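Listed below are the residues making up each chain.
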Amino acid sequence: MKALLICPDERAGVTALAESVPLASVTILGKTLVEYWLEHLAGLGAQEVLVLAVDRPDQVRAVIGDGARWGLRVIVIPDKRERTREEARARHQANDNGTWLAAPRDVILMDHLPSLPQLPLFTSYADWFAVARALMPQALTPDRIGVRELKSGVWAGLNAHVAADAKLIAPCWIGERAWIEAGTTIGPNVVLEREVFIARGAEVSHSVIGPETLVGQFTEIRNSIAWGSTLINWERDSCLKVPDSFLLCSRELQRARPAPAKTPARVHTLLPAMVRFRQYVSQLLT
Amino acid sequence: MNIDQQNGILSVTGLRELNAANAQAFRSSLARALSQDLKAIEIDLSQTQAVDGAGLGALVALYETAKEHRKREGFAMRLTNPTPTVQQMIELARLHHLFEITQPGSTPDGALQPISLT
């Protein structure tokens, strides 16, 4: 049986989320949106899935490959604009003699998760956060190898490291190979995606931290989505590019630097006050 | 940037950016304006579009200098009307625990402005 997935194109409410990857490939609790849907369609008995992608189809293809992981045959079809379900059905089903899943499962616009149909993903950053929060209790599925529940409502992925004195407040999700240093407070309502690094003394609550993001020492992230150096306050709908990598940055950029960049050299040389500022904040917390 | 002092309150307005480019000059200008009868520093951030760690460091350094200046007396530092992105930077660096932040339509203690009915 066949099915058709429509990747969402740009959405005005969540433009910052699609800066580095198309919305279909944005990660939510360790999996991309398109992966959730392929898994779901495989469970419904689909064998072949056409994926219509307007925004960066190559990146979508790179995430899902040929679909063999799910026992599917997947074909990514670049498109010029996002089709409605009716348009997609007319273009791709009308002259196709294959057997399709029964409507409405035959053509799906990926603007929500299969397990949370009532929650739209891309209307606003607040809605995106609401989906991530709602997904946490149901995300511990058998296919997630190595995920364990550290205590009620606190899940940690494979090779995640949590310092002994880190304070974890449920619910929170700690992704694969995430690293949480000493003196941190994580939660409630926090999702740390894979390879997030939370430095000493930082506090994160009611927030999603995107993959490979470094949260600097003694920072505080609340009611936000932090994705690399992009910080979005989902409550106020405000978006900031953080200019200082010691506060917030992508670990990929951090690794690309020629020298260890715990604190940028220019800050030390130009302004010793910056160092005093960090000391002051650390004193406030001890 | 304009600096004005009245009734023991040092007010700063027209600050377009506070970052590595001007943090040192900002701090020096204000440090020179500190007086013995200083009760508070109010920095209007409504026109400030860019703040970085160096700028935040300058705010902390200014706060420390002013506190030292006042010694036994009480002293407050207020950041007024920050733009949403500047407020995000302040909160990320936790300075909202150190300074009073006031938004349009609120007084420093967070109460609503009185409305005149006449």
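Remember, predicted model here, so these are calculated numbers, not experimental data.

All right, on to the overall build of chain A then. Regarding its fold elements, chain A presents 7 helices and 23 strands. A total of 286 residues make up chain A; the buried ones form 53% of that total. Restricting the contact set of chain A to residue pairs at least 6 apart, pairs at least 24 apart contribute 44%. Total accessible area on chain A is roughly 12600 Å²; 53% of this is exposed by carbon and sulfur atoms.

This part is about the sheet that holds strand β13 (residues 185–186) of chain A. Residue and element names in this part refer to chain A. What the 4 strands build is an open sheet, ordered β10-β13-β16-β19; its pairing is parallel. Strand pairing shows two members of the sheet lacking a second neighbour, β10 (167–168) and β19 (220–222), which therefore form its edges. In the sheet, strand β16 (residues 203–205) pairs with β19 via 3 bridges, with the strands oriented parallel. When the sheet's bridge partners are listed, Val 204 is paired in β19 with Ile 221.

Turning to the interface of chain B and chain A, a few remarks are in order. At the interface, 29 residues of chain B touch 30 residues of chain A. Counting each side, the surface lost to burial between chain B and chain A is near 2400 Å², with a carbon and sulfur contribution of 60%. The largest share of the area that chain B buries against chain A comes from B:Gln88, B:Leu92 and B:Arg94, three residues that together contribute 34% of it. Our enumeration of links across chain B and chain A arrives at 3 salt bridges. Across the pair A:Glu220 and B:Arg94 runs a salt bridge whose closest N-O atoms are separated by 3.4 Å. At the surface where chain B touches chain A, the tally comes to 9 residue pairs in polar contact (both at pLDDT 80 or more).

What follows covers the nonpolar core. Residue and element names in this part refer to chain B. Core analysis: the largest hydrophobic core is formed by 59 residues, its most contacted members being Phe 26, Ile 41 and Ile 43. Looking at this core element by element, the count peaks at 8 residues for helix α2 (residues 53–70). Dropping the residues within four chain positions of it, Ile 43 is found in contact with Val 12, Leu 15, Phe 26, Leu 59, Leu 62, Met 77, Arg 78, Leu 79 and Thr 80.

Residue and element names in this part refer to chain B. For chain B, the average pLDDT comes to 85, and 86% of its residues sit at 70 or higher. Ranking the elements of chain B by mean pLDDT puts α2 last with 88 and helix α3 (residues 84–92) first with 96. Per-residue pLDDT stays below 50 along residues 110–118; that stretch engages in 6 contacts with residues further than four places along the chain or on separate chains. Scored by ipTM, the complex comes to 0.86, with pTM at 0.88.

Within this structure, the stated rule accounts for 21 salt bridges over all chains. Look at the salt bridges and you will find they share partners, linking A:Lys2, A:Glu48, A:Arg73 and A:Asp96 into a network.

Below, the discussion takes up the confidence of the model for chain A. Of all residues in chain A, 88% attain a pLDDT of 70 or more, and the chain-wide mean is 91. In the model, residues 263–271 of chain A has pLDDT below 50 throughout and makes 19 contacts with residues more than four positions away in sequence or in other chains.

Right, let's talk about the environment of A:Lys2 for a bit. All names here are of chain A. With respect to the helices and strands, the residue Lys 2 is situated in strand β1 (residues 2–6). The class of Lys 2 is buried, set by a relative accessible area of 13%. For the pair Lys 2 and Asp 106, spaced 104 residues apart in sequence, the C-alpha separation works out to 7.1 Å. Among all residues touching Lys 2, those that are not within four sequence positions of it are Glu 48, Asp 96, Gly 98, Thr 99, Trp 100 and Leu 101. A polar contact is formed between the side chain of Lys 2 and the side chain of Asp 96, at a distance of 2.6 Å.

Here the focus is the side chain of A:Arg83. If you trace the backbone, A:Arg83 turns up in the loop between β5 (73–78) and α3 (85–92). Among the polar contacts listed, one links the side chain of A:Arg83 to the side chain of A:Asp79, at a separation of 3.0 Å.

Reading the values: rules and limits
- Residues numbered from 1 in each chain as written.
- Chains lettered and ligands numbered in written order.
- Predicted model: local features only at pLDDT ≥ 70, side-chain atom pairs only at ≥ 80, totals over all residues.
- Heavy atoms only, no water.
- Helix = DSSP H or I, 4+ residues; strand = E, 2+ residues; numbered from the N terminus.
- Buried < 20%, exposed > 50% of the residue type's maximum accessible area, 1.4 Å probe, protein only.
- Contact = heavy atoms within 4.5 Å.
- Areas by Shrake-Rupley, 256 points an atom, 1.4 Å probe, with all protein chains shown as cover.
- Pairing = 2+ DSSP bridges.
- Buried area = accessible area lost by both parts, 1.4 Å probe.
- Salt bridge = Lys/Arg side-chain N within 4 Å of Asp/Glu carboxyl O.
- Polar contact = N/O pair within 3.5 Å; in protein donor to acceptor, adjacent residues only side chain to side chain.
- Core = buried A, V, L, I, M, F, W, Y, C linked by side-chain atoms within 4.5 Å.
- pLDDT = per-residue confidence, 0-100.

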